[in-house]
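These are the residues of each chain, in order.
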Amino acid sequence: MLRLKHVLLMTALLVCLTALPVLAQDTTTAAPDTSGPTGITTLVILAGLGAMFAVGGLIYMKENGKNGKEVD
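Being a predicted model, the structure only gives us computed values, none of them experimental.

S.K.: Please provide a residue-by-residue account of the overall build of the protein, values included.
M.R.: A tally of helices and strands in the protein yields two helices and zero strands. Looking at the protein residue by residue over its 72 residues, the buried ones come to 3%.

S.K.: I'd love a proper account of the environment of Thr41, names of residues and values included.
M.R.: Looking at the secondary structure, you find Thr41 in the loop between α1 (2-23) and α2 (42-63). Judged by relative accessible area, Thr41 falls into the partly exposed class, the value being 27%. Taking C-alpha positions, Thr41 is 9.6 Å from Pro21, a pair spaced 20 residues apart along the chain.

S.K.: Outline a nonpolar patch on the surface, listing residues and values.
M.R.: There is a patch of nonpolar side chains on the surface, built from Ile40, Val44 and Ile45 and spanning about 290 Å² of accessible area. In this structure, Ile45 sits in helix α2. For Ile45, a relative accessible area of 39% gives the class partly exposed.

Definitions and limits used
Here the residue numbers are simple positions, counted from 1 along each chain's written sequence. Local features are withheld for residues below a pLDDT of 70 in this predicted model, meaning they are given only at 70 or higher, and side-chain atom pairs are given and counted only at 80 or more; totals for whole chains, interfaces and linings count all residues. Side-chain numbers here rest on the full set of heavy atoms in the structure, without hydrogens or water. Under the DSSP-based scheme used, a helix requires at least four consecutive residues in state H or I and a strand at least two consecutive residues in state E, with every element numbered from the N terminus. Here the term buried applies to any residue with accessible area under 20% of the maximum for its type, exposed to any over 50%, and partly exposed to those in between, with areas from a 1.4 Å probe on protein chains only. Patch membership requires over 30% relative accessible area and the absence of a salt bridge. Like charges are linked within 9 Å, and nonpolar side chains (Val, Leu, Ile, Met, Phe, Trp, Tyr) within 5 Å. Residue exposure ignores everything except the shown protein chains as possible cover, and the areas themselves are Shrake-Rupley values with a 1.4 Å probe. Whenever Lys or Arg places a side-chain nitrogen within 4 Å of a carboxyl oxygen from Asp or Glu, that contact is recorded as a salt bridge.

Here's what the structure looks like:
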């Protein structure tokens, strides 16, 4: 059951990271903006999420290593 929750969570996260930026784009055909990216880009968000999962995974492995005994 826990594996199913992880799959659903990762699927929802993937949909949010791919669909929401596309939906947030302006649909008008104005002159293209050539000034470059401003604000937080999708790559920065993905890097932050990757770092959170990496640190969280390391903490989880540390807390649950050696048959449930905390590893220092």
